[in-house]
Amino acid sequence: MSTRSVLVALAVILALSSAVAQGGVAFRFSTQPSLGLGLEGERARSLAWRLFADLEPGRPRVWFGGEFLFKPDLGALTGNAALSGVRPYLGGGVGMRVTGQADAGLVSSLGLEVALEARTALFLEAAFYLPFGEARGVSRGVLGIVLR
């Protein structure tokens, strides 16, 4: 996959973000190391969806994925105003890793999102990718910021 194709895919994700009501754009940094963009939106009070694309420039490798997340707000859940904006989450979906050839698999994530203000949040997550054709999965840490 060429660098031009990756840039086009990232531009499409960014353009789609303007069409997503109540959504956000996530800027992602991974331990692989990689940089990425994501789209996130709310489905219900504690449910969200996410689409992402991460680029590892040193390999070159691109990760694509889509997942549904369970993200309860601890402030609303416990009634404690001090915990408002703290959202632990877990979820999963499908993804693809493209190096020279593409392989599809399952993605899952476990993380914590903390609101800095009403429209900005930081997140830290552990992400796992299990390809369908292989028995060996890949785990990585992801740090990012979501702008809603």
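Not measured: the values here are computed from a predicted model.

### Focus on the pattern of salt bridges
Where charged atoms of side chains with opposite charge meet at close range, the side chains can pair.
Next up, step 1: All told, the structure shown has 13 salt bridges when counted by the stated rule.
Next up, step 2: Across the pair Glu67 and Arg50 runs a salt bridge, and its minimum N-O distance is 3.0 Å. Separated by 17 residues along the polypeptide, Glu67 in strand 4 (residues 61-70) and Arg50 in strand 3 (residues 47-56) bring together distant segments of the chain.
Next up, step 3: Between Arg148 and Glu113 there is a salt bridge, with its nearest N and O atoms 3.1 Å apart. Of the two residues, Arg148 sits in the segment after strand 8 (138-147) while Glu113 sits in strand 6 (residues 102-117), which places them 35 residues apart along the sequence.
Next up, step 4: Overlapping salt bridges, with partners in common, bring together Glu40, Arg50, Glu67, Lys71, Glu113, Glu125 and Arg148 in one network.

### Considering unusual backbone geometry
Next up, step 1: A cis amide bond links Gln32 to the next residue, Pro33, at an omega of -10°.
Next up, step 2: If you trace the backbone, Pro33 turns up in the loop between strand 1 (23-30) and strand 2 (34-42).
Next up, step 3: Backbone torsion omega between Arg59 and Pro60 reads -20°, so that peptide bond is classified as cis.
Next up, step 4: Looking at the element boundaries, Pro60 is found in the loop between strand 3 and strand 4.

### Considerations on the packing of aromatic side chains
Two measures describe an aromatic ring pair: the distance that separates the ring centres and the angle between the ring planes.
Next up, step 1: Under the counting rule described, the total for this entry stands at one aromatic pair.
Next up, step 2: Here the basic side chain of Arg28 rests over the ring of Phe52, its NZ or CZ set 4.3 Å away from the ring centre.
Next up, step 3: Lying over the aromatic face of Phe123, Arg50 brings its terminal NZ or CZ to 5.7 Å of the ring centre.

### What about the nonpolar core?
Next up, step 1: Ala26, Leu69, Tyr89, Phe123, Ala127, Val142 and Val146 together form the largest nonpolar core, which totals seven residues.
Next up, step 2: Ranked by size, the runner-up nonpolar core spans five residues in total, among them Phe52, Trp63, Tyr129 and Val138.

Cut-offs and rules
- Residues numbered from 1 in each chain as written.
- Predicted model: local features only at pLDDT ≥ 70, side-chain atom pairs only at ≥ 80, totals over all residues.
- Heavy atoms only, no water.
- Salt bridge = Lys/Arg side-chain N within 4 Å of Asp/Glu carboxyl O.
- Helix = DSSP H or I, 4+ residues; strand = E, 2+ residues; numbered from the N terminus.
- Phe/Tyr/Trp six-rings, centres within 6.5 Å; stacked < 30°, edge-to-face > 60°.
- Lys NZ or Arg CZ within 6 Å of the ring centre and 35° of its normal.
- Core = buried A, V, L, I, M, F, W, Y, C linked by side-chain atoms within 4.5 Å.
- Buried < 20%, exposed > 50% of the residue type's maximum accessible area, 1.4 Å probe, protein only.

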